[in-house]
Amino acid sequence: MKITRVSTAVLEANFDWTLVRIETDSPHTGFGEAFVGPGLTAVIREFNEILLGEDPTHIDRLLRRLRASVVYASPGLVWHAIGGIETALLDLLGKAHKMPVWQLLGGLYREEIPIYADCHGDDALNSISPLLLPRRPAWMGSQAEDIPARISIKHHGWDASREETHSPESYAAHAADMAARGFRILKFDVDVPTPYETDEYNRALSPMEIDFAVDLAKAVRLAVGPEVGLAIDCHWNYGAAAAVDLARALEPLRLLWLEDVMPPENIPALGHVQRATSTPLATGENHFFRLDFQRLITEAGLRVLAPDVQKLGLWEGRKLADLADLHYVNLTWHNISGPLGTMAGAHLCAATPNLLALEWHAASVPFFDELIARGPRPLVHNGKVRVTQEPGLGLEIDLDVAYKYKKPGEPFFQE
Ligand SMILES: [Mg+2]
């Protein structure tokens, strides 16, 4: 079997959902999904120069060549591209050998994958470009609300309208609704606009801001009770002192994890905060290298890692899961992809022992399940995704439906 073409299609959903298709000189075609990034599809298509004519079954060696081609191990956008290609190769290999991808990754630990619902900071439907700018695709119609992009260090923008959406009552109602839909783990943002914010850039939190955040989280805990796992995300907004204060104030809520309370690069600072609190910190969606994850475990003492499943890919993800398992560290996989990428993540989660949960970020995207031509539908059911015995990823996207949501200016595969 030889690769004959690698092509892409981008759907404009809450984020860009970038599909990668790998065709071969056999009847088999593989599909993957890549993490968003400006200029991403040009990078994926340029990799045709390396991939054309190659045997797609030697996946680890091909990945090493792709990474080495861009100055060895440069992370970021190129890894996003490689992750999507890698998933398509695994889908292809599974189809060619009539095996599900979870089988290729070592076999089943579980068939039903616990999914955590990312409930954000409010209910509003929202779509963001690869540069984190708000946008309004045609399908959003009148449901769209003007939401400021999440590019400021903190979130200015308190006004009277926020009193309703950023209140303990609204968080509690949203949490109760998602728990009633079957989710056993929920994640909420508390780095939201508050009436008390003083400075956008200093990474500090005043006692009033901390009380505001804790009140939101406490309302969720009271709404869903102790059986539902609760995670909180802060999107890298705070410094070490604020992080210690917030993490300690959240201790009575016994969070599953407190995510990205600080920027991800300063591993000693993360260790300082983790040693000062019993709240488990988590980070990982901005990291690519196993060596960095190892430092997060051994130097910062993190007990939960939150790597992104599309950024790393399934094969690299399997290796990372093994590394974490050596240290009895659990993984909660970050995932902002569409149905194909979410199913890919489920295969990795099915085949690794040390799983907490896989994220689902698309509960508000109305056409998520409409995109599925073959495979479990609805994909996320009762807070779980079920992997099947079908070969490859066991999920095919309906390309006619996908075309309706194609991103303007992007090719739809080789059109
Ligand atoms: Mg996050």
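Presented here is a report on the structure given in the accompanying data block. (Residues numbered from 1 in each chain as written. Predicted model: local features only at pLDDT ≥ 70, side-chain atom pairs only at ≥ 80, totals over all residues. Heavy atoms only, no water.)

1. As for the packing of helix α8 (residues 207-224) against helix α9 (residues 240-249)
Next, step 1: Orientation of α8 relative to α9, taken along the N-to-C sense of each, is 40 degrees, at an axis distance of 10 Å. The way α8 lies across α9 gives a crossing that is right-handed. Counting all contacts with α8, which are made through Ile-210, Ala-213 and Val-214, the residues of α9 involved are Asp-245, Leu-246 and Ala-249.
Next, step 2: Of the residues in the contact of α8 with α9, the class split is five nonpolar, no polar and one charged. (Axes fitted to C-alpha atoms, helices over the stretch in contact; angles between N-to-C directions. Helix = DSSP H or I, 4+ residues; strand = E, 2+ residues; numbered from the N terminus. Left-handed = near helix turned anticlockwise from the far one by under 90°. Contact = heavy atoms within 4.5 Å. Nonpolar A, V, L, I, M, F, W, Y, C, P; charged D, E, K, R; others polar.)

2. Considering unusual backbone geometry
Next, step 1: The residue after Arg-377, namely Pro-378, is reached through a cis peptide bond having omega 0 degrees.
Next, step 2: Within the secondary structure, Pro-378 sits in the loop between β14 (372-374) and β15 (384-386).
Next, step 3: At Trp-236, a position not held by glycine, the phi torsion is positive, near 65 degrees.
Next, step 4: Within the secondary structure, Trp-236 is located in the loop between β8 (229-233) and α9.
Next, step 5: Of the residues examined, Trp-236 reaches a relative accessible area of 26% and is grouped as partly exposed. (Buried < 20%, exposed > 50% of the residue type's maximum accessible area, 1.4 Å probe, protein only.)

3. Let's talk about the coordination of the magnesium ion
Next, step 1: Those donors, Asp-233 (OD), Glu-259 (OE) and Glu-285 (OE), are the protein atoms that reach the magnesium ion, and they lie 2.0 to 2.4 Å from it.
Next, step 2: In the primary structure, the donors to the magnesium ion are separated according to the pattern D-x25-E-x25-E. Note that Glu-259 is positioned in strand β9 (residues 257-259) and Glu-285 in the loop between β10 (281-283) and α11 (290-298), a separation of 26 residues in sequence.
Next, step 3: Of the residues examined, Glu-259 reaches a relative accessible area of 0% and is grouped as buried.
Next, step 4: Glu-285 gets classed as buried once you look at its relative accessible area, which sits at 8%. (Donors = N, O, S within 2.8 Å, 3.2 Å for Na, K, Ca; no water.)

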